[in-house]
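The lines below spell out each chain.
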Amino acid sequence: MSPKGTKVPVTDLKSLLHSLVLNTEGESVTVGQLLKAVGRRAYGPVLLLLGFIAVSPLTIIPGANWFVATITLIFSLQIVIGLRTPWLPKRALDFQFKRDHLVQGAKAGIKYAHMVDSLVRPRLTFLTAAPFVQIVGLLCVAAALITYPLGVVPFGPFLPGLTVLLFGLALTARDGAVVLLAGLTFSGAVLIMLQLLPRLARLWPF
């Protein structure tokens, strides 16, 4: 943890962004350090983190969209099967990003975080508990899977990434209304993929 860090738990988007900046340091940051900064024992903050990375400047790194989708897939499957503590392979935990991209993304997102967090509050909380949380996990699995083909299209992974971010925010803030909003976002991502299927079939190398 950075000397200027904080142990305040991640409860919304603003606290996530502050934690990522305050609890990391140096020129680069590993996935493991990011997870430690947000508290890797809870699925909501982890999904919120992965969704933020998916829509942030960090994904300008070639292949980053697919890497984040793979981590999202692993975590989401663990939600589905009910594993209490998220797990990730050491090689994935050691993967590094430039911290500058992280800080830039956090600074760009903070003004939107204030607006988003003002609208989020505990409501319809049953949608953030079992068995609905397993459905959230399945939808995050699907969002990760459609990121692979959409990753060959400019800005294609944005809606799947936003879906994961919203589901993470919903679980973190226990806001069932955001679960429903994330479901709509996921539907939009699926519709875009279906519309792009002919183009994707020509671009996909397999």
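Keep in mind it's a predicted model, so treat the numbers as computed, not measured.

What follows covers the overall build of the chain. For the chain, the helix and strand inventory stands at nine helices and two strands. What you see in the chain, going N to C, is helices and strands ordered as α-β-α-α-α-α-β-α-α-α-α. For 206 residues, the compact-globule estimate of 2.2 N^0.38 gives 17 Å, and the C-alpha radius of gyration of the chain, at 16 Å, lies within 12% of that figure. When its C-alpha atoms are laid out on the principal axes, the chain stretches across 50 × 40 × 35 Å. For the chain, the share of sequence-separated contacts (at least 6 apart) that also reach a separation of at least 24 residues comes to 73%. Summing over all exposed atoms, the chain offers an accessible surface of approximately 10,500 Å²; the carbon and sulfur share of this is 67%. With 18 positive and 7 negative side-chain charges, the chain shows a separation of 6 Å between the mean positions of the two kinds.

Once that is clear, we can look at helix α2 (residues 31–38). With respect to burial, α2 is a largely interior element, six of its eight residues being buried. Along α2, the positions that sit buried rather than exposed are V31, G32, L34, L35, A37 and V38. Note on α2: the residue one or two positions beyond its end, G39, has a positive phi of about 95°.

Summed over all chains, the structure comprises two salt bridges. For K90, the salt bridge goes to D94, with nearest N and O atoms at 2.7 Å. K90 gets classed as exposed once you look at its relative accessible area, which sits at 60%. Taking relative accessible area as the criterion, D94 reaches 40% and is therefore assigned partly exposed. Taking the shortest distance from any N to any O, the salt bridge between D175 and R123 comes out at 2.8 Å. With a gap of 52 residues between them, D175 in the loop between α8 (158–173) and α9 (176–203) and R123 in the loop between α6 (99–119) and α7 (132–150) connect regions that are remote in the sequence.

Definitions and limits used
- Residues numbered from 1 in each chain as written.
- Predicted model: local features only at pLDDT ≥ 70, side-chain atom pairs only at ≥ 80, totals over all residues.
- Heavy atoms only, no water.
- Helix = DSSP H or I, 4+ residues; strand = E, 2+ residues; numbered from the N terminus.
- Rg over C-alpha atoms; globule rule 2.2 N^0.38 Å.
- Contact = heavy atoms within 4.5 Å.
- Areas by Shrake-Rupley, 256 points an atom, 1.4 Å probe, with all protein chains shown as cover.
- Lys, Arg positive; Asp, Glu negative; His and termini not counted.
- Charge placed at Lys NZ, Arg CZ, Asp CG, Glu CD.
- Buried < 20%, exposed > 50% of the residue type's maximum accessible area, 1.4 Å probe, protein only.
- Salt bridge = Lys/Arg side-chain N within 4 Å of Asp/Glu carboxyl O.

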